Amino acid sequence: PGLLDGLQFRLVGPNQGGRSTTVAGDHTRPGTFYMGIASGGVFKTTDYGETWIPITDGQVPLGSTGAIAVADSDPDIIYLGTGSDGVRSNVSTGRGVYKSTDAGETWSFAGLYDVGQIGGVRVHPTNPDIVWVAAGGDIFKPSPDRGIYKTTDGGETWRKTLFVSDSTGAMDVEIQPGNPDVVYAWMNRIERKPWTIISGSNEGGFYKSTDGGESWENIRNGLPQDLIGKGNLAVTAAKPDRVYALVEAKPDAGFYRSDDFGESWQKVSDAQGLLVRPFYYTSLGSDPTNADVVYGGSEGWYFTRDAGETWTRQSTPHGDNHDIWVAPYDGNVMVQANDGGANVSTDGGQTWSTQYNQPT
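A short tour of the structure in this document, coming up. Just so it is clear, the structure is predicted and the values come from calculations on it, not from any experiment.

About the criteria used
- Residues numbered from 1 in each chain as written.
- Predicted model: local features only at pLDDT ≥ 70, side-chain atom pairs only at ≥ 80, totals over all residues.
- Heavy atoms only, no water.
- Helix = DSSP H or I, 4+ residues; strand = E, 2+ residues; numbered from the N terminus.
- Rg over C-alpha atoms; globule rule 2.2 N^0.38 Å.
- Buried < 20%, exposed > 50% of the residue type's maximum accessible area, 1.4 Å probe, protein only.
- Contact = heavy atoms within 4.5 Å.
- Areas by Shrake-Rupley, 256 points an atom, 1.4 Å probe, with all protein chains shown as cover.
- Lys, Arg positive; Asp, Glu negative; His and termini not counted.
- Charge placed at Lys NZ, Arg CZ, Asp CG, Glu CD.
- Patch = residues over 30% accessible without salt bridge, like charges linked within 9 Å, V, L, I, M, F, W, Y side chains within 5 Å.
- Salt bridge = Lys/Arg side-chain N within 4 Å of Asp/Glu carboxyl O.
- Polar contact = N/O pair within 3.5 Å; in protein donor to acceptor, adjacent residues only side chain to side chain.
- Phe/Tyr/Trp six-rings, centres within 6.5 Å; stacked < 30°, edge-to-face > 60°.
- Pairing = 2+ DSSP bridges.
- Core = buried A, V, L, I, M, F, W, Y, C linked by side-chain atoms within 4.5 Å.

**Concerning the overall build of the protein**
Broken down by element type, the protein carries 0 helices and 28 strands. Here the C-alpha atoms of the protein give a radius of gyration of 19 Å, agreeing with the 21 Å that 2.2 N^0.38 yields for 360 residues. For the protein, the spread of C-alpha atoms along the three principal axes comes to 70 × 45 × 40 Å. Across the 360 residues of the protein, 61% fall into the buried class. The long-range fraction of contacts in the protein, counting pairs at least 24 apart against all pairs at least 6 apart in sequence, stands at 49%. If you sum the accessible surface of the protein, you get close to 13900 Å²; carbon and sulfur atoms cover 47% of it. Between the mean site of the 27 positive side-chain charges and the mean site of the 44 negative ones, the protein shows a separation of 6 Å.

**A closer look at a nonpolar patch on the surface**
There is a patch of nonpolar side chains on the surface, built from L3, L4 and L7 and spanning about 390 Å² of accessible area. Position of L3 among the secondary structure elements: in the segment before β1 (20–25). On the basis of relative accessibility, which here comes to 80%, the residue L3 falls in the exposed class.

**Description of the side chain of K44**
As for its placement among the helices and strands, K44 is situated in strand β3 (residues 41–45). We note that K44 is buried and unpaired, the nearest opposite charge coming from E105 at a distance of 5.2 Å. Looking at K44, its side chain comes within polar contact range of the main-chain oxygen of A103, at 2.8 Å. Contacts of K44, omitting those with residues within four sequence positions, involve T32, F33, Y34, T51, W52, I53, I55 and A103.

**Side note on the packing of aromatic side chains**
Scanning the model with the defined rule gives 11 aromatic pairs in all. Note on F109 and Y113: the rings are 6.4 Å apart at their centroids and 70° apart in plane angle, and the pair reads as edge-to-face. The class for Y113 is partly exposed, based on a relative accessible area of 44%. Note on Y295 and F303: the rings are 6.5 Å apart at their centroids and 50° apart in plane angle, and the pair reads as tilted. Residue classification places Y295 among the buried positions, given a relative accessible area of 2%. Put simply, the rings of F33, Y48 and W325 touch in pairs and so form one group of aromatic residues.

**Comments concerning the pairing of strand β11 (residues 147–151)**
The buried fraction of β11 amounts to 5 of the 5 residues, a majority that puts the element mostly inside the structure. Two strands pair when backbone bridges link them, and strand β10 (residues 131–137) and β11 are joined in this way by 5 bridges, in the antiparallel orientation. Across the sheet, residue A134 finds its bridge partner in β11, namely I148. Relative to strand β12 (residues 159–162), β11 runs antiparallel, the two sharing 3 bridges. Paired with Y149 across the two strands is K160, which belongs to β12.

**Brief notes about the nonpolar core**
Membership of the largest hydrophobic core comes to 20 residues, with the highest contact counts inside it found for Y184, W186, F206 and W265. Elements that contribute at least two residues to this core include exactly β14 (183–193), β18 (227–235) and β19 (243–250). Per-element tally for this core: the top contributor is β19, with 4 residues. The residues touching Y184, leaving out its near neighbours within four places in the chain, are D172, V173, E174, Q176, F206, Y207, K208, W216, L233, V235, V243 and F261. Counting 17 residues, the second largest nonpolar core, distinct from the first, contains A69, I77, A135 and W158.

**Remarks on the sheet that holds β1**
Judged by pairing direction, the sheet is antiparallel, and its 4 strands sit side by side in the order β1-β2-β3-β4 without closing on themselves. For this open sheet the edge positions go to β1 and β4 (53–54), each flanked by a neighbour on one side alone. Examined bridge by bridge, β3 and β4 share 2 bridges and lie antiparallel to one another. From the neighbouring strand, K44 faces β4, where its bridge partner is I53.

Here it is, written out as structure tokens:
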């Protein structure tokens, strides 16, 4: 043992990691971003992606991550939902929510151990103790723990406020910019068997709450009516009455837009690139500084500058795209997640930081 005292481990590779499923940024500290790995915990950069460091090793006892949210009112507070919602035939089961109050230095368990895969976490813009979680449930069997959950005491206790059935889980949850009493959610059946993939049923779809997520209304005006699959929502502070949805469905899969707070919808595109393997991808993100700019991902990565009418493919360092966060202080600054890790752009996605510095 004495011969080993002077030795230290150093990384010799491989330097590129694997699938990143969720990303988020700190709007008060430009250059600071977080990425959650499908099987490697959470990494953090403070220099626009030049270097990444693991911040949950030894503290969060599983690697599968589903959603990260940084509190707007106190960016030292971060909520992590475990369990990736990008589900193929195999996936590591989520084990609840973890919380940091020191910008990721330390983490503590914050409940919801049995809710399975977590596809969305949203924090109240002025009160970081109020949080909504979209729980997909146990991916391998029916479960009563699926649905939308809400806490008002920072994760000490949770209440399930939206439940459809033991087979239909929550894929996403969003807050109307400027009015946290209005909350949106997407619900759909999601289950995996050794012999098949189940995605969709005739229940679920888009839900809206006007009392902070305490009660919900299922709205299908203009949305698919029959077999409803996975969906992802996006809102923008540049136009708070607008809601976007990328929807797996049969028939009528496509990209939808609402301009009246989700009360009615119109299909604006059925661009096939956005709908490759929708049970797995179906990723969407909007620009908070320009309401007409939206990003969508599947195997390829796409953007629109006319609210979804036309889409352009954009190069990213790796294919298979899962998430994006666009900075509210500059729509050109963003962090994006794919199967090669995460990458940062400061020029609207024309160039990206390297992925050869994140051994996830």
